[in-house]
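Secondary and tertiary structure notes
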Amino acid sequence: MIRLEGVEKTYRTRRGDLVPAVDDVTLVIGENEFVTLVGPSGCGKSTLLKLVAGLTPVSGGSIRVRDTLVREPFPDVGIVFQHPVLLPWRTVLDNVLFSADMLGLDLQRYRTRALELLALSGLGGFETRLPRELSGGMQQRVAICRALLPDPSLLLMDEPFGALDALTREEMGFELLRIWEARRKTILFVTHSIPEAILLADKVVVMTPRPGRLARVIAIDLPRPRTVELEFDAKFKAHSDEVRGLIFASRRARGDGR
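Before going into details, it helps to say that this report is about the structure given with it.

Definitions and limits used
- Residues numbered from 1 in each chain as written.
- Predicted model: local features only at pLDDT ≥ 70, side-chain atom pairs only at ≥ 80, totals over all residues.
- Heavy atoms only, no water.
- Helix = DSSP H or I, 4+ residues; strand = E, 2+ residues; numbered from the N terminus.
- Rg over C-alpha atoms; globule rule 2.2 N^0.38 Å.
- Areas by Shrake-Rupley, 256 points an atom, 1.4 Å probe, with all protein chains shown as cover.
- Lys, Arg positive; Asp, Glu negative; His and termini not counted.
- Charge placed at Lys NZ, Arg CZ, Asp CG, Glu CD.
- Pairing = 2+ DSSP bridges.
- Axes fitted to C-alpha atoms, helices over the stretch in contact; angles between N-to-C directions.
- Contact = heavy atoms within 4.5 Å.
- Buried < 20%, exposed > 50% of the residue type's maximum accessible area, 1.4 Å probe, protein only.
- Polar contact = N/O pair within 3.5 Å; in protein donor to acceptor, adjacent residues only side chain to side chain.
- Parallel < 35°, antiparallel > 145°, perpendicular 65-115°, else oblique.
- Left-handed = near helix turned anticlockwise from the far one by under 90°.
- Nonpolar A, V, L, I, M, F, W, Y, C, P; charged D, E, K, R; others polar.
- Phe/Tyr/Trp six-rings, centres within 6.5 Å; stacked < 30°, edge-to-face > 60°.
- Core = buried A, V, L, I, M, F, W, Y, C linked by side-chain atoms within 4.5 Å.

What the protein chain contains, in helices and strands, is seven helices and 10 strands. The C-alpha atoms of the protein chain give a radius of gyration of 19 Å, which matches the 18 Å a tight globule of 258 residues would have. Within the structure as shown, the protein chain displays about 12500 Å² of accessible surface, and the carbon and sulfur contribution to it stands at 51%. Positive and negative charge centroids in the protein chain, built from 36 and 33 side chains respectively, lie 5 Å apart.

On to the sheet that holds strand S8 (residues 186-190), then. Each strand in a sheet pairs with another by means of backbone hydrogen bonds, the pair being arranged parallel or else antiparallel. The strand order S6-S7-S8-S3-S9-S10 describes an open sheet built from six strands, whose pairing is mixed. The strands lining the two open edges of the sheet, one partner per strand, are strand S6 (77-80) and strand S10 (214-219). With direction set aside, neighbouring strand axes in the sheet form an average angle of 15°. Where S6 lies against strand S7 (residues 154-158), four bridges are found, and the strand directions are parallel. Residue pairing in the sheet places Ile-79 in a bridge with Leu-156 of S7. The strands touched by helix H1 (residues 45-53) within the sheet are strand S3 (34-38), S6, S7, S8 and strand S9 (203-207), with S7 carrying the most contacts at an inclination of about 155°.

Overall, antiparallel pairing links the four strands, which are arranged S2-S1-S4-S5 in an open sheet. At either end of the open sheet lies a strand with only one pairing partner, and these are strand S2 (18-29) and strand S5 (68-69). The strands that H1 touches are strand S1 (2-12), S2 and strand S4 (60-65); relative to S1, the one it contacts most, it runs at about 115°.

Relative to the assigned elements, Glu-196 resides in helix H6 (residues 194-200). By relative accessible area, which is 10% here, Glu-196 ends up buried. Side chain to side chain, Glu-196 and Thr-191 meet in a polar contact 2.6 Å long. If we skip the residues at most four places from it in the chain, Glu-196 touches Phe-161, Arg-169, Phe-189 and Thr-191.

What follows is about the pairing of S9. With respect to burial, S9 is a largely interior element, five of its five residues being buried. Judged by which residues are buried, S9 turns out to be covered on both faces: Lys-203, Val-205 and Met-207 on one side and Val-204 and Val-206 on the other are all buried. Bridge count for S3 against S9 is four bridges, and the pairing is parallel. Along S9, the bridge assignment pairs Val-35 with Lys-203. From the end of S9 to the start of S10, which pair antiparallel, there are six residues.

Here the focus is the packing of helix H2 (residues 92-102) against helix H3 (residues 107-120). H3 packs onto H2 with a crossing angle of 130° between their chain directions and a minimal axis gap of 9 Å. The orientation of H2 relative to H3 falls into the category oblique. Our pair here, H2 against H3, has a crossing hand that is right-handed. Residue-level contacts link Val-92, Leu-93, Val-96, Leu-97, Ala-100 and Asp-101 of H2 to Leu-107, Tyr-110, Arg-111, Ala-114, Leu-115 and Leu-118 of H3. Split by residue class, the contact of H2 with H3 holds 10 nonpolar, no polar and two charged.

Two measures describe an aromatic ring pair: the distance that separates the ring centres and the angle between the ring planes. Under the definition given, this model contains three aromatic pairs. The interplanar angle of 80° and the centroid separation of 5.5 Å between the aromatic rings of Phe-34 and Trp-180 together place this pair among those described as edge-to-face. Highlighted residues: Phe-34 in strand S3 and Trp-180 in helix H5 (residues 166-182), separated in sequence by 146 residues. Judged on exposure class, the residue Phe-34 and its partner Trp-180 are both buried.

What follows is about the nonpolar core. In terms of nonpolar packing, the biggest core is built from 35 residues, with Phe-34, Leu-149, Met-157, Ile-187 and Phe-189 touching the most fellow members. Per-element accounting of this core gives the leading share, seven residues, to helix H4 (residues 136-148). Residues in contact with Leu-149, not counting those within four places in the same chain, are Val-96, Leu-97, Ser-99, Ala-100, Tyr-110, Arg-113, Ala-114 and Leu-117. Core analysis: the second largest hydrophobic core is formed by 27 residues, Val-25, Leu-37, Val-52 and Val-77 among them.

This is how it looks when you write it as structure tokens:
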């Protein structure tokens, strides 16, 4: 589904200095895989997501989605950010329909699908509410429905639960898994949370401090559907220790931690 080969990204500051953000990333993500990206702050996780989305060009290497070279934003992708970014004057239903509106799709046709997605995400009955009448978790569900509405085969999520409290974050993680089980997509999900990365994923991609490189790709051999009890499983702890060890080892190598 996604193939990154030797991907590099370097930014130029206003003073003209070159700042490497991502360096020599080679990665293959399969059809309908749920892959999480985890690593220390500033390691290039969000940058990598923007590169895959075509929101910013690579400085070196290549990215292909379904064998098509990514050079610019493309329609077959949904993006969910840390904050839901809903339009405050539009109802829940109209916010979900916004993605179809921007793509010039038949709104009457997609209205039925929007209602189905809202029901699937537990928001049935809230279609006419405004964003200010919803909790943070409910607003993020609306944002996920909006991204899913055009039925993209690829879903990119940049710390979508980072602004939520711990209990809501856990609830949203399982909600996302439930939606993913019902409507399989390829998902690339950025997070700072090691337990979240393991609980959601088929594979966890661990990145080094900036410039972000791949420290390791870890296959998560835990049964699905995932449950909260898995966090007490010995395999879960082993995966968690491995990810944490990689992150702290790379920080020590850079002199960023004890």
